[in-house]
Each structure stands twice: as C-alpha cells, then as structure tokens.
Amino acid sequence: MQELPVISSIENSNRETRVKKPNWLRVKLPTGEGYRHVRGLVDTHKLHTICESGNCPNMGECWGEGTATFMILGNVCTRSCGFCAVATGRPDPVDWDEPQRVAEAIHLMSVKHAVITSVDRDELKDGGSIIWYNTIKAVRSLNPDTTLETLIPDFKGQWENLERIIEAAPEVVSHNMETVERMTRKVRIQAKYHRSMEVIRRLKDGGMRTKSGIMLGLGEAQDEVLQSMQDLVDNGCDVLTLGQYLQPTQRHLPVIRFVHPDEFAFYKEKGYEMGFDYVESGPLVRSSYHSERHVIKGEGRRAWEASKMLA
C-alpha cells in the first residue's frame, strides 16, 4: 500500500490536545452581495440550511454564488452522530407547508441546481419520506428547469419509505457513508454500514444516479478507506466525495489527523481506477460542494481520462 504524508495529528489521551489547522484549511469569511441575498432569503422564508447547521467551511463561497443546501424536516435530529453539529433532541411537529416554501426560495434564487437534505426523523412512521416526496414534487412544479440532488437518511431500512424517493426521481440521490466500516458504530451511532450500502444498491436498482461521501481524519486507515470505496462501487455508487473532518465543538469526536492534499489526490486517482463516474476529493470538499457538476453522467470521468492523456 502506498505510503502518504501525515502532516498534523492528534493522539487520543486523557489530556485535551489541539493542533493548529494547516494552511490548506483556511477559508474566507462569508461576505458580499450574493451572500447577503441568500442570507435574506433563508431568513425571510424561515428555512433551515445544512450550510449553517453543519458549520460548513464553504458557506461563504456557495452562498456568494447564490446556492445553498436546504435542510427539511426541521433542524433537530433524532440521532446523535459523533461528528455532526446539527442539534439532537425531540423535533418539532412536521411542517406540511415547508415543501412549498423551499420551492419558492429556490425559484427566487433562480438556481439551476438545488440540493436538499434532512435531519433523521426516526420517530415518524414514514421517516419523513412523505415530506421528502412532497418537497421534490413542489420544487419540480415551480422550477421545471432546476436539477435536483437529494441527500437522504437511511429510513432505518424501511424500504417502502426509500421507494418514495425513487418514485419522485430527483437527478441525483445521495446517502453518505461518512466513515469506514470499523468506525461506523462510533461515528454514526444509530447507523449500520451494510444497511447504508443497501440504500445505495436499492437506489441504483431503482434507476437513480447515486452518490455518497466519506470524511477523513477520524482515525481510519488507508486500506479501510479503499475498501469502503470499493464497497460503494460494488453497490452501484456513481459519485464519491471525500473531505477532511473538522470537529464542530469540544463535545464531538476529535480530529485524529489533518489529511494532506496529496493523499486526497491519491484517493481521487484510485476512485476513478475503481470505476466511479465522478470523484470530488479535497480537504474542504463537502457532500454538496460543486454538486451541480455531479449531475451529468461521464463528465468527471472524461475530465480524468483527458488529464491522463496529457500527463
């Protein structure tokens, strides 16, 4: 297995240890007219975004370009994943007007590609899938030229709920693995590795363009990352995103190491060799980062093949 550089690391101990973020993780503060416009729309329509709830480092860039990832079904999650900044607790009742508000906001933003995600709503019999279906349909109705990516939960393996997503047929359906198999129980406490793989497989069997994401820097080994990547390919995953985990608060899992950009480049190369159609890999990559590029089949692979010819 190829050896790659470890630039910064944090060792687990009883004493809190922190290291300075490397230069490649520096981001600009959100400013500008585009950012203020999106900020106003989000506030006016009382919308939730994973950009804010997830402390995304790319919020300034994406909002400045007039795009945002909307989070439906409230901003309180029934799960308590060790990496996630979204609040955990008892969610508010389902807001049946939310799908129309999301559709209207997307219309006002005039975006060509929209991303929607949600909290987990395990307390609901349908897992929130009816709101998911209604939201996709509302966006379609008001924004017929807008392509759509949905970043969905696993619905606890209740596959009739997943079928609603397939029936609504967004252009891309994403479900994140987040980490490797060994660390799934620690990182995604209520999730199951093979259940998430089955989500990807069932989506692919249903004709969806499939996508998943993995965070690096939580203590995973290189061979474990490659195995998870291969598992995703074997289950029909088309698009893969790989990014650096950043600890939201001191209550969340610590960063074990900051992964060098060269290692992200290594995984990108391996991903294309394995058969992914599009691989987005870098320290600041998040699931919805540059997601408009992930819609067109073959675009990422063609660019990779062209770069190999020029090398």
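Residues numbered from 1 in each chain as written. Predicted model: local features only at pLDDT ≥ 70, side-chain atom pairs only at ≥ 80, totals over all residues. Heavy atoms only, no water.

*Asks:* Honestly, helix α10 (residues 261–274) in this entry has me stumped. Any pointers?
*Replies:* Because the α-helix completes a turn every 3.6 residues, residues three or four places apart line up on one side. When the terminal C-alpha atoms of α10 are compared, their 20 Å separation across 14 residues agrees well with the 20 Å that a helix rising 1.5 Å per residue should span. Those residues of α10 that fall on the buried side of the exposure criterion are Glu263, Phe264, Phe266, Tyr267, Gly271 and Tyr272. Looking at the buried side of α10, the elements it contacts are β9 (209–216), α9 (222–234), β10 (239–244), β11 (257–259), β12 (278–281) and α11 (299–310). Note on α10: the residue one or two positions beyond its end, Gly275, has a positive phi of about 125°. (Helix = DSSP H or I, 4+ residues; strand = E, 2+ residues; numbered from the N terminus. Expected span 1.5 Å × (residues − 1). Buried < 20%, exposed > 50% of the residue type's maximum accessible area, 1.4 Å probe, protein only. Contact = heavy atoms within 4.5 Å.)

*Asks:* Hey, could you run me through the environment of Ile136 in this one?
*Replies:* Mapped onto the fold, Ile136 is located in helix α5 (residues 129–142). In the structure, Ile136 is positioned 33 residues away from Ala169 in sequence and 8.3 Å away in space, judged by C-alpha atoms. Setting aside its immediate chain neighbours within four residues, Ile136 contacts Leu148, Thr150, Ala168 and Pro170.

*Asks:* Quick question: what am I supposed to make of the nonpolar core here?
*Replies:* For soluble globular proteins, nonpolar side chains are generally found buried alongside one another. By size, the foremost hydrophobic cluster in this structure holds 37 residues, and its most contacted members are Leu216, Met229, Leu232, Leu242, Tyr267 and Phe276. Within the residue set of this core, elements represented by two or more residues are α8 (193–205), β9, α9, β10, β11, α10 and β12. Take this core: its biggest share by element is five residues, from α9. Setting aside anything within four residues of it in sequence, one finds Leu216 in contact with Val225, Leu242, Gly243, Gln244, Tyr245, Val259, Phe264 and Tyr267. The next biggest cluster of nonpolar side chains, apart from the first, holds 32 residues, and it includes Ala138, Ala168, Val173 and Val199. (Core = buried A, V, L, I, M, F, W, Y, C linked by side-chain atoms within 4.5 Å.)

*Asks:* I keep staring at the pattern of salt bridges and nothing clicks. Help me out?
*Replies:* Any two side chains of opposite charge can pair, given that their charged atoms come close. The full count for this structure, using the stated rule, is 17 salt bridges. Here Glu123 makes a salt bridge to Arg121, at a shortest N to O gap of 2.6 Å. The partly exposed category is assigned to Glu123, whose relative accessible area is 42%. Taking relative accessible area as the criterion, Arg121 reaches 3% and is therefore assigned buried. Between Arg140 and Glu171 there is a salt bridge, and its shortest N-O distance comes to 3.0 Å. One end of the pair, Arg140, is in helix α5; the other, Glu171, is in the loop between α6 (159–168) and β8 (172–174), with 31 residues separating them in the sequence. (Salt bridge = Lys/Arg side-chain N within 4 Å of Asp/Glu carboxyl O.)

*Asks:* Explanation requested: the packing of α10 against α11 in the structure shown.
*Replies:* Describing two packed helices takes the angle between their axes plus the distance from one axis to the other. Look at α10 against α11: their axes get within 11 Å of each other, and the N-to-C directions meet at 110°. As the angle between them shows, α10 and α11 are arranged roughly perpendicular. Of the residues in α11, those in contact with Glu269, Tyr272 and Glu273 of α10 are Gly300, Arg301, Trp304 and Lys308. Each residue belonging to the contact of α10 with α11 can be placed in one class, and the counts come to two nonpolar, one polar and four charged. (Axes fitted to C-alpha atoms, helices over the stretch in contact; angles between N-to-C directions. Parallel < 35°, antiparallel > 145°, perpendicular 65-115°, else oblique. Nonpolar A, V, L, I, M, F, W, Y, C, P; charged D, E, K, R; others polar.)

*Asks:* Explain the pairing of strand β3 (residues 69–72) here, please?
*Replies:* Sheet faces and side chains relate simply in a regular strand, where the side chains alternate between the two faces. Burial of β3 is two-sided: the residues Thr69 and Met71 facing one way and the residues Phe70 and Ile72 facing the other way are all buried. Where β3 and strand β6 (residues 113–118) come together, four bridges link them in parallel fashion. Bridge pairing in β6 links Met71 to Thr117. (Pairing = 2+ DSSP bridges.)

*Asks:* It is not clear to me how unusual backbone geometry should be interpreted in this structure. Could you clarify?
*Replies:* Peptide bonds are, in most cases, trans, and in most cases residues other than glycine have a negative phi. In the Ramachandran plot, Leu73 falls in the positive-phi region, its phi being about 70° despite a non-glycine side chain. With a phi angle near 55°, Lys156 is a residue other than glycine that sits in the positive phi range. Relative to the elements of secondary structure, Lys156 occurs in the loop between β7 (147–151) and α6. Residue classification places Lys156 among the partly exposed positions, given a relative accessible area of 37%.

*Asks:* Teacher, can you tell me more about the side chain of Thr241 here?
*Replies:* You can see Thr241 is positioned in strand β10. The contact partners of Thr241, leaving out residues within four places of it in the chain, are Lys211, Ser212, Gly213, Ile214, Glu280, Val285, Arg286, Ser287 and His294.

*Asks:* Sorry if this is basic, but what is going on with α5 here?
*Replies:* Its 14 residues place the ends of α5 20 Å apart at the C-alpha level, agreeing with the 20 Å of an ideal helix rising 1.5 Å per residue. Along α5, the positions that sit buried rather than exposed are Ser129, Ile131, Trp132, Thr135, Ile136, Ala138 and Val139.

*Asks:* It is not clear to me how the environment of Val119 should be interpreted in this structure. Could you clarify?
*Replies:* By secondary structure assignment, the location of Val119 is in the loop between β6 and α5. A relative accessible area of 3% places Val119 in the buried class. Each C-alpha atom of the pair Val119 and Ala87 lies 9.3 Å from the other, and the pair is 32 residues apart in sequence. Beyond its immediate chain neighbours, meaning those up to four positions away, Val119 contacts Met71, Ile72, Leu73, Gly74, Asn75, Val76, Cys77 and Val86.

*Asks:* How should I be thinking about the side chain of Thr135 in this particular structure?
*Replies:* Secondary-structure assignment places Thr135 in helix α5. Overall, the relative accessible area of 0% leaves Thr135 in the buried class. Contact partners of Thr135, with chain neighbours within four places excluded, come to Ile72, Pro99, Val102 and Ile116.

*Asks:* Would you mind going over the state of the cysteines with me for this structure?
*Replies:* Each disulfide consists of one covalent bond between the sulfur atoms belonging to two cysteines. With the rule as written, the count across this model stands at zero disulfides. The thiol of Cys81 is unpaired, and the distance to the nearest cysteine sulfur, on Cys84, comes to 6.3 Å. (Disulfide = S-S within 2.5 Å.)

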